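# Residue-level structural notes
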Amino acid sequence: MATVIDGKAFAAGLREKIGKAVSEIQSNHGVKPGLTVVLVGEDPASQVYVRSKGKQTVEAGMESTEHKLPADTSEADLLALIDRLNNDDSVNGILVQLPLPDHIDESKVINAISVAKDVDGFHIENVGKLSIGEESLVPCTPAGCVLLLKDHLGDLTGKNAVIVGRSNIVGKPVSMLLLQENCTVTVAHSRTQDLPAVCREADILVAAVGVPELVKGDWVKPGATVIDVGINRIETAEGKTRLVGDVDYAGASEVAGAITPVPGGVGPMTIACLLRNTVIAACRQHGVPVPDGI
Ligand code: NAD
C-alpha cells in the first residue's frame, strides 16, 4: 500500500515556521506582514474560504483585513479599492477572491493588483516571470504540490512528471514549477489521446481535473507518487455528500508508492502557501531577507 502524504500535518508545520518567521521579522525589522482579502458577493464556498484565510493569517501573527463588498459592486469601484490597497504600505498582500460576479472582468481586476502584492500569483507579469524562471510570486496550490513532492522525494531531477489538467490556476503553473525542478514534464488534458497510457509513464502524477475519481488505479505506474489536487463533492448511496479527489484513491493507493488523500492532502497547503507568499511579499517590499526555512 502507498505511503499517505499527510498534507494537513505538513501544512501545520509550515504555518508554525511562518509564525516564527513573522515574529522574527517583526522584532528584528519592525515589519508586520499584512494580507487583505477582497470578497465580492455572497458565494457560500468563498465565504468559508475567506474566513479560514483570515483566521490562519491572524494565527500566524500577521495583520488580516477583509473587504466584503455587495454582489452589485461596480468594476470601477472594485478597481478604485485595489488602487487604494496598492498604495497602502500596511498592505503587503492583496487577494481578490474568485470567482467574481459576471459583470466584472476578472483579468482586468487581477492585473490591476500591484505585481509585488499579488500573493495569488495570477497577475500576468508573475505568470510570465514564473515561465521564464525569474523571481515571482508563485500560485499557492501549485507551490503546495511541489513542496509536498520535494518533501517526499527530495531532488526531483529527471523524474517523468505527468500533469492532468492545463488550467491557469493549477495545471500550467505546476508544469512550470516541475520544469524548474528539472522534471521531464507532460501536460495532459481533455483532448489527450490515450490518457491512461500517458499517465502510466509518470513517476510523478498530478491530477488537477475536476472530474471525480477520473484517474484509476491501473493508470498509475507502480511506485509512482500521486498528487491529487481535485476537490469534488459527490453524493453517496445514503443520500449524504462526501469529498473525493480526481483520483480513485482506493485503486491508486494499491499501486502508487505514495499518494495525497482528499481531504487532507493538497487542500490545506493552499492557505499555508498564501501565508508564505504574504511573508515573502512583505520582506521584498521592505528590503528584508526572507527568513530561511519557509
Ligand atoms: P479547471 O476546470 O479550470 O481545469 C480542468 C482541466 O482538466 C482542464 O485543463 C481540462 O482540459 C482538464 N480536463 C477536464 N476533463 C478532463 C478529462 N476527462 N480528461 C483529461 N483532462 C480533463 O479546473 P482547476 O481550477 O484546475 O481545478 C481542478 C481541480 O482541482 C478541481 O477539482 C478543483 O476543485 C481543484 N482545486 C483544488 C485546489 C486546492 O486544493 N486548494 C485549488 C484549485 C483547484
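Here the structure is a predicted model, which is why all the values come from computation and not from measurement.

What follows covers the packing of helix H6 (residues 140-153) against helix H10 (residues 267-286). What describes two packed helices is the angle between their axes and the distance between those same axes. Interaxial distance between H6 and H10 falls to 8 Å at its minimum, and their mutual angle equals 105°. In terms of their interaxial angle, H6 and H10 are classed as roughly perpendicular. From H6, Cys-140, Thr-141, Ala-143, Gly-144, Leu-147 and Leu-148 reach across to H10, where they touch Met-269, Thr-270, Cys-273, Leu-274, Arg-276 and Asn-277. Residues of the contact of H6 with H10, tallied by class, amount to seven nonpolar, four polar and one charged.

We now examine the side chain of Lys-53. Summarising the element assignment, Lys-53 is placed in helix H2 (residues 44-59). Every residue in contact with Lys-53, bar those within four places of it in the chain, is listed here: Val-37, Leu-95, Gln-97, Ile-271 and Leu-274.

So, on to the state of the cysteines. Inspection of the entire model under this criterion finds zero disulfides. With no disulfide partner, Cys-140 has as its closest neighbouring cysteine sulfur the one in Cys-273, 6.3 Å distant. Between Cys-145, a free cysteine, and Cys-273, which holds the nearest cysteine sulfur, the sulfur-to-sulfur gap is 8.8 Å.

Quick look at the packing of helix H1 (residues 7-29) against H10 now. Remark: H1 packs on H10, axes separated minimally by 9 Å, with the N-to-C direction vectors making an angle of 20°. Looking at the two axes, H1 sits roughly parallel to H10. As for how H1 packs across H10, the hand of that crossing is left-handed. Here H1 contributes Gly-7, Lys-8, Phe-10, Ala-11, Leu-14, Arg-15, Ile-18, Val-22 and Ile-25 to the contact with H10, which in turn contributes Pro-268, Met-269, Ala-272, Cys-273, Leu-275, Arg-276, Val-279 and Cys-283.

Taking 1.5 Å per residue, twelve residues should reach 16 Å; helix H3 (residues 75-86) reaches 16 Å between its end C-alpha atoms and fits that length. Burial in H3 covers these residues: Glu-75, Leu-78, Leu-81, Ile-82, Leu-85 and Asn-86. Looking straight down H3, one finds that the buried residues subtend no more than 140° of arc, so they occupy a single side. Looking at H3, the residues exposed on the side facing more than 90 degrees away from the buried face are Ala-76 and Arg-84.

Pairing geometry for strand S5 (residues 160-164) and strand S6 (residues 184-188), over five bridges, is parallel. Looking at the pairing, Val-162 lines up with Thr-186 of S6. A crossover connection joins S5 to the parallel S6 through helix H7 (residues 171-180); in handedness this β-α-β unit is right-handed.

Residue position: Lys-17 is located in helix H1. The exposure class assigned to Lys-17 is partly exposed, which follows from its relative accessible area of 47%. C-alpha separation for the pair Lys-17 and Val-138, spaced 121 residues apart in sequence, amounts to 19 Å. With residues near it in sequence (within four places) discarded, Lys-17 still touches Gly-293 and Ile-294.

Next up on the list: the sheet that holds strand S4 (residues 93-96). Spatial strand order, S3-S2-S4: three strands in an open sheet with parallel pairing. Each end of this open sheet is capped by a strand with a single partner; those strands are strand S3 (63-69) and S4. Taken over all neighbouring pairs, the strand axes of this sheet differ in orientation by 15° on average, direction set aside. Of the pairings in the sheet, the one linking strand S2 (residues 34-40) to S4 comprises four bridges and is parallel in character.

Here we take up the pairing of S2. The buried count for S2 comes to seven of seven residues, which makes it a mostly enclosed element. On S2, burial covers both faces: Gly-34, Thr-36, Val-38 and Val-40 on one face and Leu-35, Val-37 and Leu-39 on the other are all buried. By the bridge criterion, seven bridges tie S2 to S3 in an arrangement that is parallel. Pairing of Leu-39 across the sheet is with Lys-68, part of S3. For the crossover from S2 across H2 to S3, the handedness is right-handed.

Let us look at the site of the ligand. Around the ligand, a shell composed of 22 residues is seen, among which Arg-166, Ser-167, His-189, Ile-231 and Thr-270 lie nearest. A distance of 2.8 Å separates an oxygen atom of the ligand from a polar backbone atom of Arg-166. Between Ile-231 and the ligand, the recorded distance is 3.1 Å, taken from a backbone N or O atom to an oxygen atom. The protein chains hide 70% of the 850 Å² of surface that the ligand would expose on its own. Here the shell around the ligand is composed, by residue class, of ten nonpolar, ten polar and two charged.

Cut-offs applied
- Residues numbered from 1 in each chain as written.
- Predicted model: local features only at pLDDT ≥ 70, side-chain atom pairs only at ≥ 80, totals over all residues.
- Heavy atoms only, no water.
- Axes fitted to C-alpha atoms, helices over the stretch in contact; angles between N-to-C directions.
- Helix = DSSP H or I, 4+ residues; strand = E, 2+ residues; numbered from the N terminus.
- Parallel < 35°, antiparallel > 145°, perpendicular 65-115°, else oblique.
- Contact = heavy atoms within 4.5 Å.
- Nonpolar A, V, L, I, M, F, W, Y, C, P; charged D, E, K, R; others polar.
- Disulfide = S-S within 2.5 Å.
- Left-handed = near helix turned anticlockwise from the far one by under 90°.
- Expected span 1.5 Å × (residues − 1).
- Buried < 20%, exposed > 50% of the residue type's maximum accessible area, 1.4 Å probe, protein only.
- Arc of directions from axis to C-beta.
- Pairing = 2+ DSSP bridges.
- Right-handed = clockwise from strand over helix to strand, strands pointing away.
- Near = heavy atom within 4 Å.
- Polar contact = N/O pair within 3.5 Å; in protein donor to acceptor, adjacent residues only side chain to side chain.
- Areas by Shrake-Rupley, 256 points an atom, 1.4 Å probe, with all protein chains shown as cover.

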